[in-house]
Amino acid sequence: MRSISILGATGSIGTSTLDLVRRSRDQWRVVALTANGNVGELARLAREFGAEVAVCADGTKLEALREALAGIGIDAAAGEGALVEAASRPADMTVAAIVGCAGLAPTMAAIAQGKTVALANKEALVSAGEVMTALVAKHGTTLLPMDSEHNAIFQCLAGSSHKDVRWITLTASGGPFRDWSLEQLQTATAAQAVKHPNWDMGAKISVDSATMFNKGLEFIEAYHLFPVGLDRLRIIVHPQSIVHSMVEYRDGSTLAQLGPSDMRVPIASCLAHPARMDTPLADTLDLAAIGELTFRAPDEVRFPATRLAREAARAGGGIPAVLNAANEVAVAAFLAGQIGFTRIAATVEAVLNRYAPAAPAALDEVLAVDAEARAVAAAVLAGG
Ligand code: NAD
Ligand code: MG
């Protein structure tokens, strides 16, 4: 029996993870489950899985959570400090599935345990960069990539030497607007953006898929997870989302990982690592039914996000944290109907042009860069 904590348990990744845990309940003891503010759902999950502690990030929800969990011996806590405390409770595996830089501090606390962290929360790694990878190295933590592309690359690398890698190619679906003209993109709504053709995901990552910021963030994520150098990382659009990414070796051999567009596959790969486990996906990959796998180069005129991310990765230091924070603010404004779709990338570029912090050396410095970049983004959006 292994112990597991799930940060962001009520989200898309969190519930897919719990779906797999539910199917092999006798193999897992659940330590911490966390959510932002959805007390009812968090309490329901904590009861079902007999969690040791349930935490709401929203500090005002403490009383409601305590009431919902009264008398059953599950600790209830709330607030950002409580999130970090819960992530520090000993667990063999922590699934980092909070959305945004809000997940950074608890993810770092989980990493500091020196056990295994399965990372879905790409914004945390993009923001912290070397501050996170240094902590992983310091504690000898096993960091397993849960993002489907990075999980694919991890499988294709299978312990090979990075020196033998010629290319790592991240595939991108291109999102729901991949065939839209620039004029059409100006009219794209939040409802259209969150309807992804292949994947069922949270709102923020769905918008990121539509703008291609998701692939931009993943480019920076790959740079940190697989240090082959920026010049050996590239992106290709693959609308069917069957090939999840590829590794080409120096002898000319390319390995790809294929599978259905269901996050339970990469999640299972992390949960069972280095073994394999069953998933409830009964259908075998039917390439004859799929018929065609197609590929094309990304269009960075209509979708500038991957260019901005590549430039931010090259600049390094605190710049990726600025890119991420500006994108989080712009996506929230887009989802709230305050700005149009193409203003998201324009806002990120404007913030990058205004704010170039020194490289953060520790977690609190990363969080300070994140906070300042959010303030600059808010000013840009306000026209200031
Ligand atoms: P989601 O919006 O469905 O869920 C987010 C979770 O984080 C929820 O449990 C929510 O309560 C919690 N949360 C939100 N704001 C918080 C805050 N300020 N403080 C603490 N907790 C907070 O998101 P998701 O789609 O599950 O994505 C989670 C992460 O996984 C993201 O970083 C995303 O990029 C990454 N990811 C998701 C998918 C996917 O298919 N959904 C695939 C690859 C990577
Ligand atoms: Mg991905």
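Above this text you will find the structure in question.
A. Region of interest: the nonpolar core. Grouped together as the largest cluster of nonpolar side chains are 90 residues, with contacts concentrated most on M132, L323 and I344. Per-element accounting of this core gives the leading share, eleven residues, to helix α16 (residues 319–335). Excluding its chain neighbours within four sequence positions, the residues that come into contact with L323 are F213, L217, I220, L308, A309, A312, V348 and L352. Counting 38 residues, the second largest nonpolar core, distinct from the first, contains V21, A46, A118 and L144.

B. Expanded view of the side chain of K122. Position of K122 among the secondary structure elements: in helix α6 (residues 122–128). If sequence neighbours within four positions are ignored, K122 has contacts with D147, I205, N214, L217, E218 and E221.

C. Quick look at the sheet that holds strand β7 (residues 142–145). Strands sit in the order β4-β3-β2-β1-β5-β6-β7 across an open sheet of seven strands; the sheet is parallel. Of all the strands in the sheet, the pair left with one neighbour each is β4 (75–78) and β7. The sheet shows a mean angle of 20° between the axes of neighbouring strands, taken without regard to direction. Across the sheet, helix α2 (residues 39–49) is in contact with β2 (28–35) and β3 (53–56); its angle to β2 comes to roughly 175°.

D. Spatial organisation of the site of ligand 1. Near ligand 1 there are 23 residues, and of these T10, S12, I13, N36 and E123 occur at the shortest range. In this structure, an oxygen atom belonging to ligand 1 sits 2.8 Å away from a main-chain N or O atom of S12. Here G202 contributes a backbone N or O atom positioned 2.9 Å from an oxygen atom of ligand 1. Summarising the interface, the protein chains cover 86% of the accessible area of ligand 1, which totals 830 Å² for the free molecule. Composition of the shell around ligand 1 by domain shows at least three residues from each of domain 1 (2–146) and domain 2 (150–315).

E. Layout of the sheet that holds strand β11 (residues 254–258). Reading across from one edge, β9-β8-β10-β11 is the order of the four strands in this open sheet, with mixed pairing throughout. With one partner strand each, in any of the chains shown, β9 (233–237) and β11 form the two edges of the open sheet. Neighbouring strand axes in the sheet, compared pairwise and without regard to direction, differ in orientation by 20° on average. By the bridge criterion, five bridges tie strand β10 (residues 243–249) to β11 in an arrangement that is antiparallel. Residue V243 lies in a different strand from β11, and its bridge partner there is L258. Here helix α8 (residues 148–157) sits on the sheet in contact with β8 (165–172), β10 and β11, set at roughly 35° to β10.

F. Quick look at the coordination of the magnesium ion (ligand 2). Every protein donor of the magnesium ion (ligand 2) is accounted for by D147 (OD), E149 (OE) and E218 (OE), and the metal-donor separations fall at 2.0 to 2.2 Å. Each donor residue of the magnesium ion (ligand 2) lies on one chain, and together they are spaced D-x1-E-x68-E. The two residues D147 and E149 agree in class, both being buried.

G. View of the packing of aromatic side chains. Using the criterion set out here, one finds three aromatic pairs in the structure. Here F177 and W180 contribute two aromatic rings whose centre-to-centre distance is 4.3 Å and whose plane-to-plane angle is 40°, an arrangement assigned as tilted. Ring geometry for F334 and F341: centres 5.6 Å apart, planes at 70°, overall edge-to-face. According to the relative accessible area criterion, F334 is buried, its value standing at 2%. Grouping aromatic residues by their ring pairs yields a cluster made of F177, W180, F334 and F341.

Procedures and definitions
Residues numbered from 1 in each chain as written. Chains lettered and ligands numbered in written order. Predicted model: local features only at pLDDT ≥ 70, side-chain atom pairs only at ≥ 80, totals over all residues. Heavy atoms only, no water. Core = buried A, V, L, I, M, F, W, Y, C linked by side-chain atoms within 4.5 Å. Buried < 20%, exposed > 50% of the residue type's maximum accessible area, 1.4 Å probe, protein only. Helix = DSSP H or I, 4+ residues; strand = E, 2+ residues; numbered from the N terminus. Contact = heavy atoms within 4.5 Å. Pairing = 2+ DSSP bridges. Axes fitted to C-alpha atoms, helices over the stretch in contact; angles between N-to-C directions. Near = heavy atom within 4 Å. Polar contact = N/O pair within 3.5 Å; in protein donor to acceptor, adjacent residues only side chain to side chain. Areas by Shrake-Rupley, 256 points an atom, 1.4 Å probe, with all protein chains shown as cover. Domains from an automatic or database assignment. Donors = N, O, S within 2.8 Å, 3.2 Å for Na, K, Ca; no water. Phe/Tyr/Trp six-rings, centres within 6.5 Å; stacked < 30°, edge-to-face > 60°.

The analysis is restricted to geometry; functional conclusions fall outside its scope.
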